[in-house]
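Next come the chains, spelled out residue by residue.
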Amino acid sequence: MIEDIKIPLISVKDVVIFPHSTVPIALKRDKSVRALEEALLRDKKLFLVMQKKREIEFPTPEDMYKIGSIALITQVQRLPDGLINITVEGIQKAKIKEFIHEEEYFEVKIGKVAEKEVPKEKLENLLRPLIEKFRKIVTMGKAIPLDVLPSIFDLSNPNQVLDMIIYNLELDSSEKQELLEMNNPEKRVEKVSDYITREISVLSTARKIQDQTVDEIGKSAREAYLREQLKTIERELGIKEERNEFMDLAKKIKTSRMPSDIEAKALKELDRLKKMPQFSPEVSYIRTYLEWLVELPWFNKSESKIDIRQSEKMLDKDHYGLKKVKERILEYLAVHKLTGKIKGPILCFAGPPGTGKTSVGKSIAKALGRKFAKVSLGGIRDEAEIRGHRRTYVGALPGRIIQGMKDAGTKNPVFMMDEIDKVGFDFRGDPSSALLEALDPEQNHSFSDHYLEVPFDLSDVMFITTANVLDTIPAPLRDRMEIIEFPGYTEEEKFHIALGYLWPKQLEAHGLDKNKLIIEEAALKIIIAKYTREAGVRNLERELASLCRKVARGIAENKIKTMRVTNKNLRKYLGSEKFESWVAEKTDEVGIATGLAWTEVGGEVLSVEVTFMPGKGNLILTGHLGDVMKESAQAALSYARSQIVNLGIKDNFFKDKDIHIHVPAGAIPKDGPSAGITIATSLVSLITKIAVRKEVGMTGEITLRGKVLEIGGIKEKILAAHRAGLREVIIPKKNKKDLEEIPMKTRRELKFIYAETMDEVLRNALVTDPFRSQSLRSTRPTFPNQPVLTA
């Protein structure tokens, strides 16, 4: 019984499903797909009804006929373009009694259609003449599936025979719907008989005309006639469009100027495509593959017009400072101009965020007259993102490199790979290893992408990568690149960048001009010093944008016409100052020293605190310190304990005391050896109760003998000290050579102390000399010469 059954409903266009008929249906509407999914979760049954008007894309219950058929889903095929092909088999006619759901998908309550009872023998007698008529139209050339004919000529189930005859007749969908809704089998037979008689008449007339035409026309006219018939058949089956598509693809393959071996492969794939059935799922895969092949820039190049002086002007116009970076880029362009070929190290721009790495890459492309392509590698963990997926996978695509080349449209773009230091790896492969081939000038002339399965020449591409840190880049990959450091900016450089680049850009972005909104230089310097503290200029640009937004609102509301921002009214627009000078926040204190640290976003200033408490001589370390920094603290403590006598302290000073060393900002991980002298200074300060000078910052590795060893990241650390307002910086003597990279103005505003031993550090860092008399210093024990390890 089907009375009051709840079942998902799908409305179809121009298709009437009869019981016992097998029908293919294509689904794309969201409600239809959801109804299909619901039916698959239940018993694989759907209720199919026809729409009253085919042009309605989102039908309502009023737009559907009430009588349809219950159908069983026998096959489901999902295509890559989102289309779903299903095959259903009609089971029984039914009618809609009530719509239960209409939002996500249609669900209805259905009931049985009452039909007039006709004895089987009587119905068989009515059907025999009908079957003979149907047999006649089959012999006249009507195409009927071979598996259907035995069922039509079998009268064991008369109703099934009648339904199958109706389904296979050339009738309008409205006529079929009318026959489906008729509940009197005798009248249905009579109506179908009329339709078959009409079809026999049409077929007879067509054959008669055809016979007469063939007799009358000659050979040439006969060929023209056949061609017209062929065109009609092709138009009905869509063959003509396919043939045109194949011709277009063949033409594109010939004109793409791809290498001959690749062209042969493309033509072979095209030949396979021609021979495949239209509805084969592999058709779309091959078509997409061929489209990728013909759209790649196999031969198209941008003509490079390199003018070194013009390129220098362009770089200076687009970017302030970065002298060494510009020099190296101009050298690179000069070599390319002389050789005509880029074949050398891949450039890697390394530095903190916001220092202009990506924008310099765009300027290089502009200077070369080339297209600029960019892909972001941050967070990529799958090798297929670089090399592409193999075509055996559904939805396969080429990798990021080939996609970028297609977007660029030329085979010699400037190709930037952003955030190369943030590439990860997992069970799906190591993307950084896949980059080795692309970034090797000796190999990338035949780069292999898994999707294309043919070599692609990348030797004319100028690759540029960017990174914040170099430690996370695997050594083989780092070895293929020439590192160009992008240091952080000084406050003076930020001032010029803001005045010449950022401020005009923000005025234009907010619909303002320099006459409506004026910012005084003093106010701009306060924004740089007290509202931002960074190596780059991104936060500075955000603060300037915030200022422009507030003024733009006032002008839009007609509250103001022009505005001058000064150091007095700046707080009104940007709120309270976010940063104060490091020195301004501190006083000379015992047991607290100021250190300098390097991070991936630039240099930072940090303090080291030491305190004693009753205990048994244990060392406590807090502040989220790494293993290297913990060992550095141990070395500093050992040095301090070895100098206990020279400092005039009792030998058993540490016996009943625990030592706690803490580096504030405990949530931030810290590591490295360069805090050694800072920790030692804090310890000696606490032991001797001599305060550390607040305006002094320091960095350097310490040995057990009190030697101060060379460390890295000097430029970033010095800039951080300058930003924080420190006045003196103690660095290892061997790092003196690194100060050449520091801007002259910054060097003039800081006093540098070059230390080889902790004695020199302590004499300059503490308020007074901890070694109280010359006699004490002269009686200090000496140590045998030990080899010094370099940092």
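The name given to the protein chain in an unreviewed UniProt entry is Lon protease, and the organism recorded there is Candidatus Woykebacteria bacterium RBG_16_39_9b. The record held by UniProt for the protein chain lists under Subunit (unreviewed entry) the comment "Homohexamer. Organized in a ring with a central cavity." According to the UniProt record, the Catalytic activity (unreviewed entry) comment for the protein chain is "Hydrolysis of proteins in presence of ATP."

Q: Explain the pattern of salt bridges to me, using residue names and the numbers behind them.
A: Under the counting rule described, the total for this entry stands at 41 salt bridges. Two residues, Glu385 and Arg400, come together in a salt bridge whose shortest N-O distance is 3.1 Å. Here Glu385 is found in helix α14 (residues 384-387), whereas its partner Arg400 is found in helix α15 (residues 400-408), with 15 residues between them in sequence. For Glu385, a relative accessible area of 28% gives the class partly exposed. We note a salt bridge from Arg693 to Glu728, for which the minimum N-O separation is 2.6 Å. Of this pair, Arg693 sits in the loop between α23 (676-688) and β20 (696-698) while Glu728 is found in strand β23 (residues 728-732), placing the two residues 35 residues apart along the sequence. We note that Arg693, like Glu728, is buried. The network of salt bridges with common partners includes Glu269, Arg272, Arg391 and Glu453.

Q: Go over the UniProt feature "binding site: ATP" (unreviewed entry) in the protein chain, please, and point to the residues and values.
A: Under the local residue numbering, the UniProt record ascribes the feature "binding site: ATP" (unreviewed entry) to Gly351, Pro352, Pro353, Gly354, Thr355, Gly356, Lys357 and Thr358. Checking the annotated residues one by one, the ones that line the second largest pocket turn out to be Pro353, Gly354, Thr355, Gly356, Lys357 and Thr358. Tracing the chain through its elements places Pro352 in the loop between β7 (346-350) and α13 (357-368). Position of Thr355 among the secondary structure elements: in the loop between β7 and α13. What makes Thr355 buried here is its relative accessible area of 0%. Residues within four places of Thr355 in sequence aside, it is in contact with Leu322, Phe486, Pro487, Gly488, Tyr489, Ala535 and Gly536. Within the structure, the side chain of Thr355 is placed 2.8 Å from the backbone oxygen of Pro352, a separation counted as a polar contact.

Criteria and thresholds
- Residues numbered from 1 in each chain as written.
- Predicted model: local features only at pLDDT ≥ 70, side-chain atom pairs only at ≥ 80, totals over all residues.
- Heavy atoms only, no water.
- UniProt positions renumbered as here; feature names shortened; annotations may be inferred.
- Salt bridge = Lys/Arg side-chain N within 4 Å of Asp/Glu carboxyl O.
- Helix = DSSP H or I, 4+ residues; strand = E, 2+ residues; numbered from the N terminus.
- Buried < 20%, exposed > 50% of the residue type's maximum accessible area, 1.4 Å probe, protein only.
- 1 Å grid on protein atoms, 1.4 Å probe; cavity = no way out; pocket = protein on both sides within 12 Å on 5 of 7 lines; lining within 4 Å.
- Contact = heavy atoms within 4.5 Å.
- Polar contact = N/O pair within 3.5 Å; in protein donor to acceptor, adjacent residues only side chain to side chain.

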